[in-house]
Amino acid sequence: MTQNDALLAIGSGLQLYREYLVRSVHSRARAHGLDLVLLNNIEATWQRDYFDDITVANLFDHTILAERGREIAARRRIVGVMCWDEPLVQPAADLAEELGVPGLSADGVRGCRDKNRTRSVLTAAGMLQPRFALTHSVAEARAAAASIGYPVVVKPQALGASMGVVLAANEGELDAAFGIAAGASAIGDEPYKGTALVEEFAIGPEISVDAAVYKGEYTPMFLARKRTGLEPYFEEVGHIVDADDPLLRDEALIGTLARAHRELGVDNGITHSEVRLTERGPLIIEINGRLGGDLIPFLGKTATGIDPGEVLVDISSGRRPTLSPTRNAVAGIRFGYPEHDCRVRSVTVPEHAQGLVTAAAMVEPGADLRLPPGGYIARHSFVVCEASDPQRCDELLDAAADLVVLDGEPLEPLAAGETFTLPSGLLDADK
C-alpha cells in the first residue's frame, strides 16, 4: 500500500484546549490528501481519532525528540512540521530545518523564545523597545533597575503565560521580584534558568495578534484585547476578539509587527504577538512562534470564521493560506480565579447563559490553587461568550462568570522560601 505524504505534529496539547484545533487540522489534511503523524509526550486517548501514526516519547528531552523525529521521517514521507506547544517550538523548528521541510525557521523561533534576544534584535534595528538588561543576580538586577528607573518589570527570560512576571516599584520590591522571576525560570529550558530580564515598564493597553506568515508575508488573522489582574503580577484573566477591530486596519501597528518578524527571521508559520499600545507607538512585548494559548484561536474562529487549524496545515504543507473572514462577531473568554489559596472540592460551570458558547472546569477535585507569588495560572474555570459588540460581550462574560461556583478549603501559607508552583491538577493551557 502506498503511503500518503504526511505532516508531523510535535505535541498535541490536552483535549480541553486543543481538540478544536486538531479537529480542523485533521479535516484540512484530509482535504489535501495528507496523513497526520503525532510525536507526543503522553499516551494517546482522544488523539487516536485524528492521527494516523502516533509515537510517544519524552519530548522534554530534546535529544530524544530529535531521534524519534528522525525515526519517523525514515519511515514516513514528512512534508511539514507543526507545533503549538511553547516548550517544544524550538526543537520542532530544529527538526523541520534538519528535514528540510516547511516550518518556522530555527533561528526565527530562537529570536522569539529568548526574550533577551528579541529585545536585542529589535533594539538594534531601531524599533521602539523598552530599556532592558539581562541579569543573573539580585545585585545585577538592582543595578539595572537603578539605571533604567522605576517602576520596572522583572520577568523570566523564556517562559510564557506571564508566569513569574512582576512589576517592581522600588528596590525593596525589586529584590523579591528577581527571586520570583528567577525561581519561575526553573521550570523552563536549561540555558535560561536562574536569569531574569529587567525592563522599563511600558504604559498602555495590551493586545495580542495571531497572524500567518507565508514566505515572509505577514497577514493578521485576529486581534485580542487582553485583560490582566492580580497586580503587581500580570495574570491574564480574559481576552476579547472583535472581527471588526479597527486596530486590524492600523498601518502603524501592522507595519511594526511585519517589520519585527522580518528582523527576527520569522518567515513561515503562525505567530502570536503581544503588544503594548503606548503614547510613543506600538511596542512589541514578545513574539511567540506558535498559535496563541488561552483559547484565543478558538475565539478568533468564533468571531471571524477564519480557521487557524486550516491555516496551519496550509502553511506547513507549503501552500498559501486562505484568510478571508466569513463571520463578523465578537467573542470573549473569562477565567475564574479563587479569592485566596485553596484546595478544590468541586467546580460547577453554567450549562446555559445568554450568549454562552462554552464553559468548563479547568481543575479536578483535590487540585491546589495558589495565587502569585506562590503559584501561577491558578484558574479553576473559563466561560466563553459571543455578542455583537465588545461592550455587550464583556457584560455577558460578567454574567456567565458569576454563575461559576467554586467549592474549596483554604490552604496554609507556603513555608518561608517556598515560591512558584503550578497548580496540581491544572489542565494544560497550552500557553
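Note that residues are indexed from 1 along each chain, following the sequence as it is written. Under the rules for a predicted model, residues below a pLDDT of 70 receive no local features and side-chain atom pairs below 80 are neither given nor counted, while totals for whole chains, interfaces and linings still include all residues. To obtain the side-chain values, all non-hydrogen atoms of the structure were used and water was disregarded.

Peer 1: Run through the sheet that holds strand β15 (residues 342-348), naming residues and quoting values.
Peer 2: Ordered by their spatial adjacency, three strands build an open sheet running β17-β15-β19, and the pairing between neighbours is antiparallel. The open sheet has two free edges, formed respectively by β17 (368-369) and β19 (405-410), since each of these has just one partner strand. Any two strands with at least two DSSP-identified bridges between them are counted as paired. Strands here are runs of E lasting at least two residues and helices are runs of H or I lasting at least four, both read from the DSSP assignment and numbered beginning at the N terminus. With two bridges connecting them, β15 and β17 associate as antiparallel partners. When the bridges of β17 are listed, Cys 342 appears paired with Leu 369.

Peer 1: Tell me about helix α11 (residues 390-401), and name the residues and values.
Peer 2: Under the 1.5 Å per step criterion, the end-to-end length of α11 is 16 Å for 12 residues, consistent within 8% with the ideal 16 Å. The cut-offs for exposure are 20% and 50% of the maximum accessible area for each residue type, with area from a 1.4 Å probe on protein chains only; residues under the lower value are buried, those over the upper are exposed, and the others partly exposed. Taken together, the buried positions of α11 are Cys 393, Leu 396, Leu 397 and Ala 400. Around the axis of α11, the buried residues are gathered within 105 degrees of arc, so they sit on the same side. Contact between two residues is taken to exist if any of their heavy atoms lie within 4.5 Å; hydrogens are not considered. Where α11 is buried, its residues contact β11 (235-242), β14 (330-336), β16 (356-361) and β18 (381-387). What qualifies as a polar contact is a pair of N or O atoms within 3.5 Å, subject to a donor-acceptor requirement within protein and to the restriction that residues adjacent in sequence count only when both atoms come from side chains. Capping the start of α11 is the job of one residue whose side-chain oxygen sits 3.1 Å from the backbone nitrogen of Gln 391: Asp 389. Helix span, expected: 1.5 Å multiplied by one less than the number of residues in the helix. Arc definition: it is the arc formed by the directions from the helix axis to the C-beta atoms.

Peer 1: Kindly report on the environment of Ala 44, identifying the contributing residues and their values.
Peer 2: Position of Ala 44 among the secondary structure elements: in the loop between β2 (35-40) and β3 (53-56). As for Ala 44 and Thr 55, which are separated by 11 residues in sequence, their C-alpha atoms are 8.9 Å apart.

Peer 1: Would you mind going over the sheet that holds β16 in detail, with residue names and values included?
Peer 2: On the basis of which strands lie adjacent, the open sheet formed by eight strands has the order β13-β12-β9-β10-β11-β14-β18-β16 and antiparallel pairing. What marks the edges here is a single partner per strand, and that holds for β13 (281-288) and β16. Put simply, the sheet's adjacent strands are angled 25 degrees from each other on average, direction ignored. Where strand β12 (residues 269-278) and β13 come together, seven bridges link them in antiparallel fashion. As a rule, the C-alpha atoms of each element are fitted with a line to give its axis, helices using only the stretch in contact, and angles between N-to-C directions run from 0 to 180 degrees.

Peer 1: Tell me about the packing of helix α4 (residues 106-113) against helix α5 (residues 115-124), and please be specific about residues and values.
Peer 2: Viewed as axis vectors pointing N to C, α4 and α5 meet at an angle of 100 degrees, and their least axial separation amounts to 5 Å. The angle between α4 and α5 falls in the class roughly perpendicular. The segment α4 lies against α5, with Asp 107, Arg 110, Gly 111, Cys 112 and Arg 113 engaging Lys 115, Arg 117 and Thr 118. Amino acids outside the nonpolar list (Ala, Val, Leu, Ile, Met, Phe, Trp, Tyr, Cys, Pro) and the charged list (Asp, Glu, Lys, Arg) are all regarded as polar, and Gly is one of them. Taken together, the residues of the contact of α4 with α5 break down into one nonpolar, two polar and five charged. The scheme is simple: roughly parallel for angles under 35 degrees, roughly antiparallel for over 145, roughly perpendicular for 65 to 115, oblique for anything else.

Peer 1: Please set out the pattern of salt bridges residue by residue, giving values where relevant.
Peer 2: Any carboxyl oxygen of Asp or Glu that lies within 4 Å of a side-chain nitrogen of Lys or Arg is treated as forming a salt bridge with it. Applying the stated rule across the entire model yields 41 salt bridges. Taking the shortest distance from any N to any O, the salt bridge between Arg 379 and Asp 294 comes out at 2.8 Å. Highlighted residues: Arg 379 in the loop between β17 and β18 and Asp 294 in the loop between β13 and α9 (296-304), separated in sequence by 85 residues. Note on accessibility: Arg 379 and Asp 294 belong to one class, buried. With its nearest N and O atoms 2.8 Å apart, the salt bridge here joins Asp 394 to Arg 334. Of this pair, Asp 394 sits in helix α11 while Arg 334 sits in strand β14; the two residues are 60 residues apart in sequence, bridging distant segments of the chain. Take Asp 394: its relative accessible area is 26%, and that puts it in the partly exposed class. Taken together, the salt bridges that share partners define one network made up of Arg 30, Asp 35, Asp 52, Asp 53, Arg 75 and Arg 76.

Peer 1: Before we move on, can you summarise the nonpolar core with the specific residues and values?
Peer 2: Among the nonpolar cores identified, the biggest contains 62 residues, and Met 82 and Phe 382 are the most heavily contacted of them. Broken down by element, the residue count for this core peaks at six residues, all from helix α1 (residues 15-31). Ignoring anything within four residues of it in the chain, the contact list for Met 82 reads Leu 7, Leu 8, Ala 9, Ile 10, Val 25, Leu 36, Leu 312, Val 313 and Ser 316. Among the nonpolar cores identified, the runner-up in size contains 43 residues, and Val 81, Leu 88, Ala 92 and Ile 254 belong to it. Take the buried Ala, Val, Leu, Ile, Met, Phe, Trp, Tyr and Cys residues and link them wherever side-chain atoms come within 4.5 Å; each set so joined is a nonpolar core.

Peer 1: Explain the pairing of strand β4 (residues 78-82) to me, using residue names and the numbers behind them.
Peer 2: For β4, the tally of buried residues reaches four of five residues, placing the bulk of the element in the interior. As paired elements, strand β1 (residues 6-10) and β4 share four bridges and run parallel to each other. Note on β4: the bridge partner recorded for Ala 6 is Ile 78.

Peer 1: Describe the environment of Pro 156, naming the residues involved and giving the relevant values.
Peer 2: Within the element layout of this structure, Pro 156 appears in the loop between β6 (152-155) and β7 (166-168). Taking the relative accessible area as the measure of exposure, Pro 156 reaches 3% and is therefore buried. Pro 156 sits 238 residues away from Asp 394 along the chain, and the two C-alpha atoms are 31 Å apart.

Peer 1: Describe the side chain of Gln 129, and please don't skip the residues or the numbers.
Peer 2: Inspection of the secondary structure assignment puts Gln 129 in the loop between α5 and β5 (132-135). Setting aside anything within four residues of it in sequence, one finds Gln 129 in contact with Thr 118, Arg 119, Leu 122, Thr 123, Leu 283 and Ile 284.

Peer 1: Describe in detail the side chain of Gln 47, supporting the description with residues and values.
Peer 2: Note that Gln 47 resides in the loop between β2 and β3. Polar contacts involving the side chain of Gln 47 include one to the main-chain amide nitrogen of Thr 45, which spans 2.8 Å.

Peer 1: For unusual backbone geometry, give the residues involved together with the corresponding values.
Peer 2: Omega for the peptide link from Tyr 150 to Pro 151 comes to 0 degrees, which places this bond in the cis form. Within the element layout of this structure, Pro 151 appears in the loop between α6 (138-148) and β6. One non-glycine residue with positive phi stands out, namely Lys 215, at about 50 degrees. Summarising the element assignment, Lys 215 is placed in the loop between β9 (206-214) and β10 (217-229). On the basis of relative accessibility, which here comes to 66%, the residue Lys 215 falls in the exposed class. Positive phi values are uncommon outside glycine, yet Leu 295 reaches one of about 65 degrees. Relative accessible area serves as the criterion here: at 5%, Leu 295 is assigned to the buried category.

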